[in-house]
Amino acid sequence: MKETTKKKIIPWMFLAPFLIIFLTFMVYPIIYSLAISFTKYRGGEFVPVGLSNFKFVLTDPTFLKAIKNTFTILIIQVPIQTMLALVIANFLNSRNLKLKGFFRMFVFMPVLIDTVSYSIVFLLFFSNSKDGLINSLISMLGRSSVEWMNVAWLSKIVIITALTWRWTGYNAIIILSGLQNIAADLYEAASIDGATKIKQFFSITLPGVKPVLLFSVVLSVNGVLQLFTETNLITRGGPVDGTLTIVQYLYNTGFVSFNYGVSSAGAYILAVMIAILTFIQMKVTKGD
């Protein structure tokens, strides 16, 4: 074999394992699910049905309710989480803070706990029974127990609380990386000029962390749009679909009702929604 041929082949040999895995487990499922979204499973085979699956999903009241639930959680949870993460990041970035490594590890630890375990813990915390931790605390205050899982808005609060607990520290570390790139001289100069801490925050801190803050928000929004495990384990999507999310709807349609075509169509609708929201976020913050 010629030397020039070897030089061309050898790089591809190293890339081959990755390409095989990528094509098999990423590209093929994407193409196959797209094909399925235009079909319906009948009599042991997939029959083409055109765009009817997409039409069904977009007009299905349950899917529309899942969208409403998901965006309700998103609109409340993401701003709360982002503000808390920003506050914690500023605390972790303080010059006077001792044991910085310990506190950074402490706030990051929730994300290291697997989703199933922490979801079960929150289910036990917010149990409808008097033995649940939260209801026990409420009873100690002389109040009656709260049926967290039987009221839609209360169930949403449980989900929002669980998500905020798990992901705030993760986003705080992301924002902290942006804070550490802001030169201390800027704050010293602002102090000399008489700028208050609040003025410094809005004039120096926020502009300085804008790229990582945007990255954090985009991750959070996309994460909520793909929310599944927490609602599936804690509330089961109830009560009466009160916490049913988009991904949970797709799961129920595909793996409970075995309507793979509709589920695949809904998945691509979700992908388009995520792409549009990400694009809007990037455009809105561009040049600010």
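Computed from a predicted structure; not experimentally measured. (Residues numbered from 1 in each chain as written. Predicted model: local features only at pLDDT ≥ 70, side-chain atom pairs only at ≥ 80, totals over all residues. Heavy atoms only, no water.)

S.K.: What's the story with the overall build of the protein in this structure? I'm lost.
M.R.: Across its full length, the protein holds 12 helices and two strands. Across the protein, helices and strands are ordered from the amino to the carboxyl terminus as α-β-β-α-α-α-α-α-α-α-α-α-α-α. With the C-alpha coordinates aligned to their principal axes, the bounding extent of the protein is approximately 75 × 75 × 35 Å. Taken across its 288 residues, the protein has 35% of its residues classed as buried. If you sum the accessible surface of the protein, you get close to 17400 Å²; carbon and sulfur atoms cover 71% of it. Looking at the protein, you have 23 positive and 12 negative side-chain charges, and the mean spots of the two groups are 5 Å apart. (Helix = DSSP H or I, 4+ residues; strand = E, 2+ residues; numbered from the N terminus. Buried < 20%, exposed > 50% of the residue type's maximum accessible area, 1.4 Å probe, protein only. Areas by Shrake-Rupley, 256 points an atom, 1.4 Å probe, with all protein chains shown as cover. Lys, Arg positive; Asp, Glu negative; His and termini not counted. Charge placed at Lys NZ, Arg CZ, Asp CG, Glu CD.)

S.K.: Would you mind going over unusual backbone geometry with me for this structure?
M.R.: Trans peptide bonds make up most of the peptide bonds, and negative phi angles are found at most residues other than glycine. Following G238, the chain continues into P239 via a peptide bond in cis, with omega recorded as 0°. Its location among the elements puts P239 in the loop between α10 (229–235) and α11 (246–256). The backbone of R236 shows a phi angle near 60°, a positive value even though the residue is not glycine. With respect to the helices and strands, the residue R236 is situated in the loop between α10 and α11. According to the relative accessible area criterion, R236 is exposed, its value standing at 63%. Of note, F258 is a non-glycine position whose phi angle comes to about 60°, a positive value. Structurally, the position occupied by F258 is in the loop between α11 and α12 (260–285).

S.K.: Where do I start with the environment of V272 in this structure?
M.R.: Of note, V272 is situated in helix α12. C-alpha separation for the pair V272 and V151, spaced 121 residues apart in sequence, amounts to 31 Å.

S.K.: Looking at this structure, I do not really get the layout of surface pockets. What am I missing?
M.R.: To find leftover empty space, one rolls a probe the size of a water molecule over the atoms. Here the largest pocket defines a volume of roughly 480 Å³. In terms of lining residues, the largest pocket is bounded by 15 residues, among which N93, S94, R95, Y187 and K197 are the most central. Elements supplying a minimum of two residues to the lining of the largest pocket: α8 (184–192) and α9 (197–225). Here the residues of the lining of the largest pocket are counted per class, giving five nonpolar, seven polar and three charged. (1 Å grid on protein atoms, 1.4 Å probe; cavity = no way out; pocket = protein on both sides within 12 Å on 5 of 7 lines; lining within 4 Å. Points joined across faces, edges and corners; volume = space filled by probe spheres on them. Nonpolar A, V, L, I, M, F, W, Y, C, P; charged D, E, K, R; others polar.)

S.K.: What is the right way to look at the pairing of strand β2 (residues 45–48) in this model?
M.R.: Consecutive side chains along a regular strand alternate between the two faces of the sheet. Bridge analysis of strand β1 (residues 39–42) against β2 gives four bridges, and the strand direction is antiparallel. Following the sheet pairing, Y41 is matched in β2 by F46. (Pairing = 2+ DSSP bridges.)

S.K.: Got a minute to help me understand the side chain of T168 in this structure?
M.R.: Mapped onto the secondary structure, T168 falls in helix α7 (residues 152–179). Aside from chain neighbours lying at most four places away, what touches T168 is Q81, L84, A85 and I88. (Contact = heavy atoms within 4.5 Å.)

S.K.: Which parts of the structure should I look at to understand α11?
M.R.: Each turn of an α-helix holds 3.6 residues, which means side chains three or four residues apart point in the same direction. Within α11, the full set of buried residues consists of I246, V247, Q248, Y249, L250, T253 and G254. Downstream of α11 by one or two residues, F258 has phi in the positive range, about 60°.

S.K.: Looking at this model, I keep getting lost on a nonpolar patch on the surface. Mind explaining?
M.R.: There is a patch of nonpolar side chains on the surface, built from Y28, Y32, Y41, F46, Y251, F255, V256, F258 and Y260 and spanning about 950 Å² of accessible area. Put simply, the parts of the chain that give the nonpolar patch at least two residues each are α1 (3–36) and α11. No other element matches the three residues that α11 contributes to the nonpolar patch. In this fold, Y251 is placed in helix α11. (Patch = residues over 30% accessible without salt bridge, like charges linked within 9 Å, V, L, I, M, F, W, Y side chains within 5 Å. Salt bridge = Lys/Arg side-chain N within 4 Å of Asp/Glu carboxyl O.)

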